[in-house]
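Residues per chain, in single letters:
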Amino acid sequence: MGLTARNYLNQRLLDNLMVAMSACIIFIGLAGAVKESLLFDGQTLVVTNLMMMVITFIIGTVIGEIIDLDKKLEEFGAWLRVKSKNEGEGTFTQGFLAASFTVCIGAMSIIGSIKDATGDPSILLAKAMMDGIIVMIMTTTMGKGCIYAAIPVGIVQGLVTLLAFFVAPWLTDQALSNISLTGSIMIFLIGVSLLTNKRFRIANMLPTLVVAAVWAWL
């Protein structure tokens, strides 16, 4: 009886932590989206970038569905689960995907990587500290899979750093703003997905980030 009660309390704590984490992720996404889409013109708040947001999400999601990035990332997560000998952890792949999206998506990864290529790693170091805290908290509720988010983060930021000379001229302030807005909406969707326990194919929306950057040049 005591063991059952203890298990019940542990599960209740984990459930509440998951709700709290989901709410935090939703807030992070909303804050980023509001920052990039609402402007104060001195008297009223003006909503901007609505057309960009809608069109880039449509185009990006169509591209993502054709490529089916979600399936490829899920298969990679399942492969990691086996290779890391965590077959018994049911939330491994979900935790890996959720943590990867949360820490990979956003303009800070791109800006920090470009700055790192020029010899200024300060932004990436600050981001690494924030990512560490986020992943640590997510790991307590979603399991060890969250830790392996370090792999896609390293790949994404490493590639941008290597390609910084070619990428930097294309990343104007408007392009970075578009990336931040669309990325923040995806982070918001991650939080909603965790809170409602309903799975969204967010990986298939990732091409939206590229389309949003290109939009700034149109």
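Residues numbered from 1 in each chain as written. Predicted model: local features only at pLDDT ≥ 70, side-chain atom pairs only at ≥ 80, totals over all residues. Heavy atoms only, no water.

### What to know about the overall build of the chain
Thought 1: Counting its secondary structure elements, the chain contains 10 helices and 2 strands.
Thought 2: Taken from the N to the C terminus, the helices and strands of the chain come in the order α-β-β-α-α-α-α-α-α-α-α-α.
Thought 3: Since a compact globule built from 218 residues should have a radius of gyration of about 17 Å, the 18 Å found for the chain is in line with a globular shape.
Thought 4: Taken along its principal axes, the extent of the C-alpha atoms in the chain is 65 × 45 × 35 Å.
Thought 5: Summarising the internal contacts of the chain: among those between residues at least 6 apart in sequence, 76% fall at separations of at least 24.
Thought 6: When the accessible surface of the chain is totalled, it reaches about 12300 Å², and 72% of it is carbon and sulfur.
Thought 7: Computed over 14 positive and 14 negative side-chain charges, the inter-centroid distance for the chain is 9 Å. (Helix = DSSP H or I, 4+ residues; strand = E, 2+ residues; numbered from the N terminus. Rg over C-alpha atoms; globule rule 2.2 N^0.38 Å. Contact = heavy atoms within 4.5 Å. Areas by Shrake-Rupley, 256 points an atom, 1.4 Å probe, with all protein chains shown as cover. Lys, Arg positive; Asp, Glu negative; His and termini not counted. Charge placed at Lys NZ, Arg CZ, Asp CG, Glu CD.)

### Describing the side chain of lysine 127
Thought 1: Along the polypeptide, lysine 127 turns up in helix 6 (residues 122-142).
Thought 2: Among all residues touching lysine 127, those that are not within four sequence positions of it are Val103, Met108, Ser109, Val153 and Gln157.

### Let's talk about the packing of aromatic side chains
Thought 1: As enumerated under the stated definition, the model contains 3 aromatic pairs in all.
Thought 2: When the ring of phenylalanine 76 is compared with that of tryptophan 79, the centres are 5.9 Å apart and the planes differ by 20°; the resulting orientation is stacked. Residue phenylalanine 76 and its partner tryptophan 79 are both found in helix 3 (residues 69-83); the two are separated by 3 residues, about one turn of the helix.
Thought 3: The class for phenylalanine 76 is partly exposed, based on a relative accessible area of 28%. (Phe/Tyr/Trp six-rings, centres within 6.5 Å; stacked < 30°, edge-to-face > 60°. Buried < 20%, exposed > 50% of the residue type's maximum accessible area, 1.4 Å probe, protein only.)

### So, the confidence of the model for the chain
Do not read the predicted coordinates in detail wherever pLDDT is low.
Thought 1: This prediction gives the chain a mean pLDDT of 83; 94% of its residues lie at or above 70.
Thought 2: Within the chain, the lowest mean pLDDT, 74, falls on helix 1 (residues 2-37), and the highest, 93, falls on helix 2 (residues 50-67). (pLDDT = per-residue confidence, 0-100.)

### Here's the deal with the packing of helix 4 (residues 92-104) against helix 6
Thought 1: Two elements in contact, helix 4 and helix 6, have axes whose closest approach is 10 Å; the angle formed by their N-to-C orientations is 155°. The orientation of helix 4 with respect to helix 6, classified from their angle, is roughly antiparallel. Where helix 4 crosses over helix 6, the two elements pack in a sense that is right-handed. Together, Gln94, Gly95, Ala98, Ala99, Thr102 and Val103 of helix 4 and Lys127, Asp131, Ile134, Val135, Met138 and Met142 of helix 6 make up the contact between the two elements. (Axes fitted to C-alpha atoms, helices over the stretch in contact; angles between N-to-C directions. Parallel < 35°, antiparallel > 145°, perpendicular 65-115°, else oblique. Left-handed = near helix turned anticlockwise from the far one by under 90°.)

### Considering the pattern of salt bridges
Thought 1: Per the counting criterion, the structure on display carries 4 salt bridges.
Thought 2: One continuous salt-bridge network, built from bridges that share partners, spans Asp70, Glu74 and Arg199. (Salt bridge = Lys/Arg side-chain N within 4 Å of Asp/Glu carboxyl O.)

### Examining the layout of surface pockets
The method is simple in principle: a probe with the dimensions of a water molecule rolls over the atoms, and the space it marks as empty is what remains.
Thought 1: When its volume is computed, the largest pocket comes out at roughly 930 Å³.
Thought 2: Around the largest pocket sit 29 residues that line it, and Val156, Val160, Leu206, Leu209 and Val210 are the ones nearest its centre.
Thought 3: At the level of elements, helix 3, helix 4, helix 5 (107-117), helix 7 (150-162) and helix 10 (207-215) are the ones that each hand at least two residues to the lining of the largest pocket.
Thought 4: The leading source of residues in the lining of the largest pocket is helix 7, at 6 residues. (1 Å grid on protein atoms, 1.4 Å probe; cavity = no way out; pocket = protein on both sides within 12 Å on 5 of 7 lines; lining within 4 Å. Points joined across faces, edges and corners; volume = space filled by probe spheres on them.)

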